[in-house]
Amino acid sequence: MATASANGPNALLVSVVLLATVCACSALSPYAAGLSEDFYHKSCPQAASIVDAYVTKFLKKDRNFAGAFNRLQFHDCWVGGCDGSVLLNSTETNQAEREAHVNFGLRGVAEIDEIKAALEHLCPGVVSCADILILAARDATAKVGGPTWTVALGRRDGVNSTALMADTNLPFPVLNFSGLVANFAAKGFGAREMITLSGAHTIGRSHCNGILPHLYNFTGRDDANDTDPAMNKNFAVFLKKLCPEGNRTNTIFIDSTANTFDRAYYKNVLQGKGIFITDSTLITNPVGKKVVTSFSKPRSSFFTEFAAGMVKMGNLGVLTGTEGEIRKTCQFVN
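What you see is a predicted model, and the numbers here were worked out from it, not measured in a lab. (Residues numbered from 1 in each chain as written. Predicted model: local features only at pLDDT ≥ 70, side-chain atom pairs only at ≥ 80, totals over all residues. Heavy atoms only, no water.)

Here we come to the UniProt feature "site: Transition state stabilizer" (unreviewed entry) in the protein. The feature "site: Transition state stabilizer" (unreviewed entry), as given by UniProt, occupies Arg71 in the numbering adopted here. Take arginine 71: it is sitting in helix 3 (residues 65-77). Judged by relative accessible area, which is 27%, arginine 71 ranks as partly exposed. When near neighbours in sequence (up to four residues on either side) are disregarded, arginine 71 contacts Val102, Asn103, Phe104, Gly105 and Leu106. (UniProt positions renumbered as here; feature names shortened; annotations may be inferred. Helix = DSSP H or I, 4+ residues; strand = E, 2+ residues; numbered from the N terminus. Buried < 20%, exposed > 50% of the residue type's maximum accessible area, 1.4 Å probe, protein only. Contact = heavy atoms within 4.5 Å.)

The structure is reproduced here in structure tokens:
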């Protein structure tokens, strides 16, 4: 029986097939170049377990930190990439991201630095603040009933952080549906992914600062009765008691089960009980309303899609290799 030759056309065909296979495998990777699931396997094998233990500790103290850690990941990655820049303090000559209007009331920075201190004691100069933040958001979500997902690591810390960049890139809580779509599209996310990641509002709390325009100045009349007409009237009365006109600093939970990651957020939005304008606007578009309705139901794909969205977000603008630095403390550059 004749055997296939290792030379000539057959060899060329095999090479093409192998190349196509390699390319396909690379294309299917959900992670940015330079990141890997086992990045700290040799240099700091306990890194993930230490982050997990500290997140458990923080949630025992205040279960609502889950929302804070989720918000930190979003507010970090959306501004110049996932480089831990949201954690940096301002200096005499620079207002850092945390001073931005859109970052009013940001929590969890001190807790991330506490984790960093523990890791520096064990593995000095190895684990980045950017990676700690990503791990903490994943672990906290899972611990309050949400999905979990595999995290690829290897991010390095950025050295630049400005309030202007944060206010330019992050979506303000007064955006309408098309404004939100445009904001997410600029980062490579579609409308469905925007609605999915909005589901992070199922956990956490907010200062009244971001809610007041929904209650008192919805159409710009600067009128105490200028409330979103689509808002549930009883809910509006309830919110106005918690957030009197002009009060920016009171805090309220974002949804009815704010310490549990679930689908209640989408049910609330459908009932006219969205806290922010950016919540209520999701159902002003027929496509948006269809997705919200779908996610509000048991056995929907919300958890799976949320996990995928967080992985994708974690790839934004990462620094790897020799880029950036590994900070010694998260609130200061080296």
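Now for the nonpolar core. If you look at the biggest cluster of nonpolar residues, it comprises 76 residues, and the most contacted ones within it are Leu72, Leu87, Leu119 and Met313. For this core, the element with the highest residue contribution is helix 5 (residues 129-143), accounting for eight residues. Counting 14 residues, the second largest nonpolar core, distinct from the first, contains Ile211, Leu212, Leu215 and Ile252. (Core = buried A, V, L, I, M, F, W, Y, C linked by side-chain atoms within 4.5 Å.)

For the rest of this paragraph, the subject is the environment of isoleucine 115. Its location among the elements puts isoleucine 115 in helix 4 (residues 109-122). In this structure isoleucine 115 comes out as buried when scored by relative accessible area, which is 0%. When the C-alpha positions of isoleucine 115 and asparagine 285 are compared, they lie 42 Å apart, and in sequence the two are 170 residues distant. In contact with isoleucine 115, not counting residues within four places along its chain, are Val51, Tyr54, Phe58 and Ile132.

On to the pattern of salt bridges. This structure, assessed with the given rule, holds nine salt bridges. A salt bridge links arginine 205 to aspartate 62, with the nearest nitrogen and oxygen atoms 3.9 Å apart. Of this pair, arginine 205 sits in strand 1 (residues 205-207) while aspartate 62 is found in the loop between helix 2 (47-61) and helix 3, placing the two residues 143 residues apart along the sequence. Since its relative accessible area comes to 35%, arginine 205 is described here as partly exposed. Glutamate 193 is the partner of lysine 312 in a salt bridge, and the nearest nitrogen-oxygen pair spans 3.1 Å. Here lysine 312 is found in helix 14 (residues 302-313), whereas its partner glutamate 193 is found in helix 8 (residues 191-198), with 119 residues between them in sequence. For lysine 312, a relative accessible area of 29% gives the class partly exposed. One network of salt bridges, in which partners are shared, links Asp62, Arg107 and Arg205. (Salt bridge = Lys/Arg side-chain N within 4 Å of Asp/Glu carboxyl O.)

Let us look at the UniProt feature "active site" (unreviewed entry) in the protein. In the numbering used here, UniProt assigns the "active site" (unreviewed entry) feature to His75. Residue position: histidine 75 is located in helix 3. Residues within four places of histidine 75 in sequence aside, it is in contact with Val86, Glu97, Val102, Asn103, Leu106 and Leu170.

Right, let's talk about the packing of aromatic side chains for a bit. As enumerated under the stated definition, the model contains 21 aromatic pairs in all. Measuring from ring centre to ring centre gives 6.3 Å for phenylalanine 58 and phenylalanine 69, while their planes differ by 50 degrees; the resulting arrangement is tilted. Separated by 11 residues along the polypeptide, phenylalanine 58 in helix 2 and phenylalanine 69 in helix 3 bring together distant segments of the chain. Residue phenylalanine 58 is classed as buried on the basis of its relative accessible area, which comes to 5%. (Phe/Tyr/Trp six-rings, centres within 6.5 Å; stacked < 30°, edge-to-face > 60°.)

Before going further, it helps to examine the state of the cysteines. Applying the stated criterion to the full structure yields four disulfides. Bridging cysteine 129 to cysteine 330, the disulfide has an S-S length of 2.2 Å. Residues cysteine 129 and cysteine 330 are joined through a disulfide that is left-handed, its torsion about the S-S bond being -100 degrees. Separated by 201 residues along the polypeptide, cysteine 129 in helix 5 and cysteine 330 in the segment after helix 14 bring together distant segments of the chain. Sequence-ordered numbering of the bonded cysteines in the protein gives a disulfide pattern of 1-4, 2-3, 5-8, 6-7. (Disulfide = S-S within 2.5 Å.)

Below, the discussion takes up the side chain of arginine 156. Checked against the element boundaries, arginine 156 lands in the loop between helix 5 and helix 6 (163-169). At 7.1 Å, glutamate 323 is the nearest oppositely charged side chain to arginine 156, a buried residue that forms no salt bridge. Here the side chain of arginine 156 touches glutamate 323 through a polar contact of 2.5 Å, landing on its backbone oxygen. If near-sequence neighbours (up to four positions away) are discounted, arginine 156 is found in contact with Cys82, Asp83, Ser128, Ala130, Leu319, Thr320, Gly321, Thr322, Glu323, Gly324, Glu325 and Ile326. (Lys, Arg positive; Asp, Glu negative; His and termini not counted. Polar contact = N/O pair within 3.5 Å; in protein donor to acceptor, adjacent residues only side chain to side chain.)

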